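An overview of the molecular structure
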Amino acid sequence: MKVIREYVNEMEALVARSVLEAHHIPAVVLRDDAGGMLPSMHLVYPVRLAVRVGDATHALRILDAPFEGDEYVDELLGPDDAAGHP
């Protein structure tokens, strides 16, 4: 596994994970907050988003791509990926 992003907010990490999983890239959210008992620990230990090493480059391209409907989506991801197909 490779950590590709760090977030202060767990919800942002969960949304990013959902985006990757919608593109058929398995991802995990790693957090050090005493099992949710100390959410303020995210300020010291950021929430991490990790994917398989082989998926890291593609996952970052997906997360960095503009929103669907933007004219550059097809150019960055290709027409199949932009349409939501593997």
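Look a little higher up for the structure.
The sections below set out a description of the structure shown in this document. This is a predicted model, so every value here is computed, not measured.

Moving on to the overall build of the protein chain. Broken down by element type, the protein chain carries 4 helices and 3 strands. Counting from the amino terminus, helix and strand elements in the protein chain follow one another as β-α-β-β-α-α-α. The 86 residues of the protein chain split such that 29% are buried. Looking at the protein chain alone, contacts between residues at least 24 apart form 56% of all its contacts between residues at least 6 apart.

We now examine the sheet that holds strand 2 (residues 27-30). Reading across from one edge, 1-3-2 is the order of the 3 strands in this open sheet, with antiparallel pairing throughout. Each edge of the sheet is formed by a strand with only one pairing partner; in this case those strands are strand 1 (2-7) and strand 2. Going across the sheet, the axis of each strand differs from the next one's by a mean of 25°, ignoring polarity. Taken strand by strand, helix 2 (residues 56-64) contacts strand 1 and strand 3 (47-51), and its axis lies near 25° from that of strand 1.

Trans is the prevailing form of peptide bonds, just as negative phi is the prevailing case for residues other than glycine. In this structure, His 24 takes a positive phi of about 65° despite not being glycine. Positionally, His 24 belongs in the loop between helix 1 (10-22) and strand 2.

This paragraph deals with the pairing of strand 3. Counting buried residues along strand 3, 4 of its 5 residues qualify, which places the element largely inside the surrounding structure. Of the pairings in the sheet, the one linking strand 1 to strand 3 comprises 5 bridges and is antiparallel in character. Among the inter-strand pairings, Glu 6 is bridged to a residue of strand 3, identified as Arg 48. Looking at chain direction, strand 2 and strand 3 are connected through 4 bridges and run antiparallel. Within strand 3, the position partnered with Val 29 by the bridge is Leu 49.

Right, let's talk about the nonpolar core for a bit. With 15 residues, the main nonpolar core has Ile 4, Tyr 7, Leu 20, Leu 49, Val 51 and Leu 63 as its most contacted residues. Of all the elements in the fold, those that place two or more residues in this core are strand 1, helix 1, strand 2, strand 3 and helix 2. Sorting elements by how many residues they give to this core places helix 2 first, with 4 residues. Those residues within four positions of Ile 4 in sequence are excluded, and the remaining contacts are Leu 20, Leu 49, Ala 50, Val 51, Ala 56, Ala 59, Leu 60 and Leu 63.

Spanning 13 residues, helix 1 covers 18 Å between terminal C-alpha atoms, matching the ideal 18 Å at 1.5 Å per step. Ala 13, Ala 16 and Leu 20 are the residues of helix 1 that are buried. Along the long axis of helix 1, the arc covered by the buried residues comes to 65°, so they all point the same way. Each element contacted by the buried residues of helix 1 is listed here: strand 1, strand 2, strand 3 and helix 2. Between a side-chain oxygen at the N-terminus of helix 1 and the backbone nitrogen of Met 11 the separation is 2.7 Å; the capping residue is Asn 9.

Conventions we followed
Residues numbered from 1 in each chain as written. Predicted model: local features only at pLDDT ≥ 70, side-chain atom pairs only at ≥ 80, totals over all residues. Heavy atoms only, no water. Helix = DSSP H or I, 4+ residues; strand = E, 2+ residues; numbered from the N terminus. Buried < 20%, exposed > 50% of the residue type's maximum accessible area, 1.4 Å probe, protein only. Contact = heavy atoms within 4.5 Å. Pairing = 2+ DSSP bridges. Axes fitted to C-alpha atoms, helices over the stretch in contact; angles between N-to-C directions. Core = buried A, V, L, I, M, F, W, Y, C linked by side-chain atoms within 4.5 Å. Expected span 1.5 Å × (residues − 1). Arc of directions from axis to C-beta. Polar contact = N/O pair within 3.5 Å; in protein donor to acceptor, adjacent residues only side chain to side chain.

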